[in-house]
Amino acid sequence: MTGTDGINLDAYIRNIPDFPKPGIQFKDITPLLADPGAFRAAIDRLTEPFAGRQVDGIAAAEARGFLLAAPMALALGVGLVPIRKAGKLPFTTVHAEYALEYGTDRLEMHSDALEPGKRILVVDDVLATGGTMQACCDLVRNAGAEVVACAFLMELGFLGGRAKLEPTEIVSVLSY
Ligand code: AMP
């Protein structure tokens, strides 16, 4: 796909076969992060759909989600709420669990991170099965806030994660 500024962002995504395990093709964003023009184009394309709309904050899960969410928050002029793996956040937390291939994992957010009624954009680098984003949306909604949309740099359509998140609006810059 071509960026609005003519940059082909797909050219900055490196495919790593069989990482972190056999059968997974890892979408490596480090070439994109290393190129300021491509990085800016990615942030522009992620934020464009929200220009002029009411967004009160961005929430994102570690670690690659942070890399996109932080410049998006500055571009939209809103704050950033970090969502982290269990045991990383220092203040009191609330948590949400999501299914892994075997067992479950847990994401946490500070208990005072969001005020009820706030309109929050939730961001990650990749939409795969949708479990991670679903857990992030649960944290936002359980705090009484509203999920405006879920925004991804990449969507792996063949994994069907979109179905888990709809009818929430989904923005993905690159689709595979
Ligand atoms: P899921 O919960 O299955 O939607 O997985 C999404 C999370 O796992 C995101 O935070 C991604 O960073 C990561 N992820 C899943 N699949 C890939 C992939 N093929 N390449 C890079 N990251 C991935």
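Residues numbered from 1 in each chain as written. Predicted model: local features only at pLDDT ≥ 70, side-chain atom pairs only at ≥ 80, totals over all residues. Heavy atoms only, no water.

Undergrad: Break down the site of the ligand for me, with residues and values.
TA: Among the 13 residues in the neighbourhood of the ligand, the closest are listed as Asp124, Asp125, Thr129, Gly130 and Thr132. The backbone of Gln25 places a nitrogen or oxygen atom 2.9 Å from a nitrogen atom of the ligand. The contact in question runs from an oxygen atom of the ligand to an N or O atom on the side chain of Thr129, over 2.6 Å. Compared with its free state, where it exposes 480 Å², the ligand has 81% of that area covered by protein. (Near = heavy atom within 4 Å. Polar contact = N/O pair within 3.5 Å; in protein donor to acceptor, adjacent residues only side chain to side chain. Areas by Shrake-Rupley, 256 points an atom, 1.4 Å probe, with all protein chains shown as cover.)

Undergrad: Lay out the nonpolar core with the relevant residues and their values.
TA: Formed by 30 residues in total, the largest nonpolar core has its most connected members in Leu9, Ile58, Met72, Leu121, Val123, Ala151 and Leu153. Counting only elements with at least two residues in this core, the list comes to helix H2 (36-47), strand E3 (57-61), helix H3 (64-76), strand E7 (119-127), strand E8 (146-155) and strand E9 (170-175). Of all hydrophobic cores here, the second largest spans 24 residues; its members include Ala61, Val81, Cys137 and Leu139. (Core = buried A, V, L, I, M, F, W, Y, C linked by side-chain atoms within 4.5 Å. Buried < 20%, exposed > 50% of the residue type's maximum accessible area, 1.4 Å probe, protein only. Helix = DSSP H or I, 4+ residues; strand = E, 2+ residues; numbered from the N terminus.)

Undergrad: Run through the packing of aromatic side chains, naming residues and quoting values.
TA: In total, this model carries one aromatic pair according to the counting rule given. Here Phe19 and Phe26 contribute two aromatic rings whose centre-to-centre distance is 5.3 Å and whose plane-to-plane angle is 90°, an arrangement assigned as edge-to-face. For Phe19, a relative accessible area of 42% corresponds to the partly exposed category. With relative accessibility at 17%, the residue Phe26 sits in the buried group. Residue placement shows Lys27 over the ring face of Tyr176; its charged tip is 3.7 Å from the ring centre. (Phe/Tyr/Trp six-rings, centres within 6.5 Å; stacked < 30°, edge-to-face > 60°. Lys NZ or Arg CZ within 6 Å of the ring centre and 35° of its normal.)

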